[in-house]
Structures are given as C-alpha cells and as structure tokens.
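Residues per chain are reported as follows:
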Amino acid sequence: MDSATLTAELQLGDSEEFSSFEGVGFSSGPGWVALTVDERCSKSVDEQAAKLIAFLSPRKPALDALKKAGASVKVDVSGVAESGSGLYLSPDVLAGLAELGVPLTFTTVRASGEDEEDPLAWLG
C-alpha cells in the first residue's frame, strides 16, 4: 500500500480538521505513514498520547480497514531514556489506546553521550 493511499485513508494532509490538532504531524515514505506529536506542544508522554487518541479515535474505522487490508498499524511510544527515568501513562490514556484496537509498543534510545538514532528509524 502506498503512502498516498494511507494518507487519504486517514484523512491527513490539507484537511482543516488535521491542521486544528496543534503539534500533530505526519511523515511518510514508500508504504508507510507515521503520525507524531511534537513534545513542544504536549510536554508529557501522557499528554502526547491523549492528543494522538483524540486525533485517531474518529478514524478508528479507517484504522480497522487498514488492518483488514493487511497493513501493520500500531502506536509506538518512542524517545530517549535517561537512567532512572520513569514513564507515566494514565489509566484514561491506556484505556483510550486499548479502544483504538492497535498494538502498543515502546522504542527507546540511550541518553546523550551514546550513539543516538532517530526514534522513527524502525520505519525505514
């Protein structure tokens, strides 16, 4: 499935609704689309996940159709992990993610001083 089809299925791009979700953006390449939430607009992972849920919930039928068509659909929480740091996702956010019906994965890269890779590198 090409990225133009994925973008159209999820109603991304020039739509007025998409532009109203401040901090939500997308990247795409051959056969993939990744939605991202800018940490400058939502400081905590919990806030970022809540914003993503608000954006994707109305698109659940499109997510279901993509899964049925054989596309890999998931939510990946990714970022840099510092030693001793914690990650908090509220029960409401976890329930919202569960309602989307897609797998939830976590990708971390090491803290500064180590060889850091782009958290979206798994897409390529």
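Residues numbered from 1 in each chain as written. Predicted model: local features only at pLDDT ≥ 70, side-chain atom pairs only at ≥ 80, totals over all residues. Heavy atoms only, no water.

### As for the nonpolar core
- In terms of nonpolar packing, the biggest core is built from 20 residues, with Leu10, Leu56, Leu63, Val75, Val93, Leu97 and Leu100 touching the most fellow members.
- Among the secondary structure elements, those contributing two or more residues to this core are helix 3 (45-56), helix 4 (60-68) and helix 5 (91-100).
- Among the elements that make up this core, the one with the highest residue count is helix 3 (five residues). (Core = buried A, V, L, I, M, F, W, Y, C linked by side-chain atoms within 4.5 Å. Buried < 20%, exposed > 50% of the residue type's maximum accessible area, 1.4 Å probe, protein only. Helix = DSSP H or I, 4+ residues; strand = E, 2+ residues; numbered from the N terminus.)

### A closer look at the pattern of salt bridges
- Going through the model one piece at a time under the given rule, you end up with two salt bridges.
- Put simply, Lys60 and Asp64 hold a salt bridge, and the shortest N to O gap is 3.0 Å. Of the two residues, Lys60 and Asp64 are both situated in helix 4; the distance of four residues between them amounts to about one turn of the helix.
- Its relative accessible area of 25% is what places Lys60 among the partly exposed residues.
- Assessed through its relative accessible area of 31%, Asp64 is described here as partly exposed.
- Two residues, Lys67 and Asp64, come together in a salt bridge whose shortest N-O distance is 3.7 Å. Linking Lys67 with Asp64, this pair stays in helix 4, spanning three residues, or about one helical turn.
- Using a relative accessible area of 31% as the deciding quantity, one classes Lys67 as partly exposed. (Salt bridge = Lys/Arg side-chain N within 4 Å of Asp/Glu carboxyl O.)

### What to know about helix 5
- The complete set of buried residues in helix 5 reads Val93, Gly96, Leu97 and Leu100. Around the axis of helix 5, the buried residues are gathered within 100° of arc, so they sit on the same side. Projecting away from the buried face of helix 5 at angles above 90 degrees are the exposed residues Pro91, Ala98 and Glu99.
- Tucked inside the fold, the buried residues of helix 5 contact helix 3, helix 4, strand 3 (75-81) and strand 4 (104-110). (Arc of directions from axis to C-beta. Contact = heavy atoms within 4.5 Å.)

### Looking at the pairing of strand 4
- Here seven bridges tie strand 3 to strand 4, and the two strands are oriented parallel to one another. When the bridges of strand 4 are listed, Val77 appears paired with Phe106.
- For the segment spanning strand 3, helix 5 and strand 4, crossover handedness is right-handed. (Pairing = 2+ DSSP bridges. Right-handed = clockwise from strand over helix to strand, strands pointing away.)

### With respect to a nonpolar patch on the surface
- On the surface, Leu87, Leu94, Leu104 and Phe106 cluster together to form a nonpolar patch covering roughly 360 Å² of accessible area.
- On the secondary structure map, Leu87 appears in the loop between strand 3 and helix 5. (Patch = residues over 30% accessible without salt bridge, like charges linked within 9 Å, V, L, I, M, F, W, Y side chains within 5 Å. Areas by Shrake-Rupley, 256 points an atom, 1.4 Å probe, with all protein chains shown as cover.)

### Comments concerning the confidence of the model for the protein chain
- Confidence in the prediction for the protein chain averages 78 pLDDT; 79% of positions are at 70 or higher.
- Mean pLDDT across the elements of the protein chain ranges from a minimum in helix 2 (residues 16-19), with 55, to a maximum in helix 5, with 95. (pLDDT = per-residue confidence, 0-100.)

### Examining the packing of aromatic side chains
- Using the criterion set out here, one finds zero aromatic pairs in the structure.
- Here Arg59 stacks its cationic end above the ring of Phe55, 3.9 Å away from the centre of that ring. (Phe/Tyr/Trp six-rings, centres within 6.5 Å; stacked < 30°, edge-to-face > 60°. Lys NZ or Arg CZ within 6 Å of the ring centre and 35° of its normal.)

### A closer look at the packing of helix 3 against helix 5
- Helix 5 packs onto helix 3 with a crossing angle of 35° between their chain directions and a minimal axis gap of 10 Å. Along this stretch, helix 3 crosses helix 5, giving a crossing that reads as left-handed. Along the contact surface, helix 3 presents Asp46, Ala49, Ala50, Ile53 and Leu56, while helix 5 presents Val93, Gly96, Leu97 and Leu100. (Axes fitted to C-alpha atoms, helices over the stretch in contact; angles between N-to-C directions. Left-handed = near helix turned anticlockwise from the far one by under 90°.)

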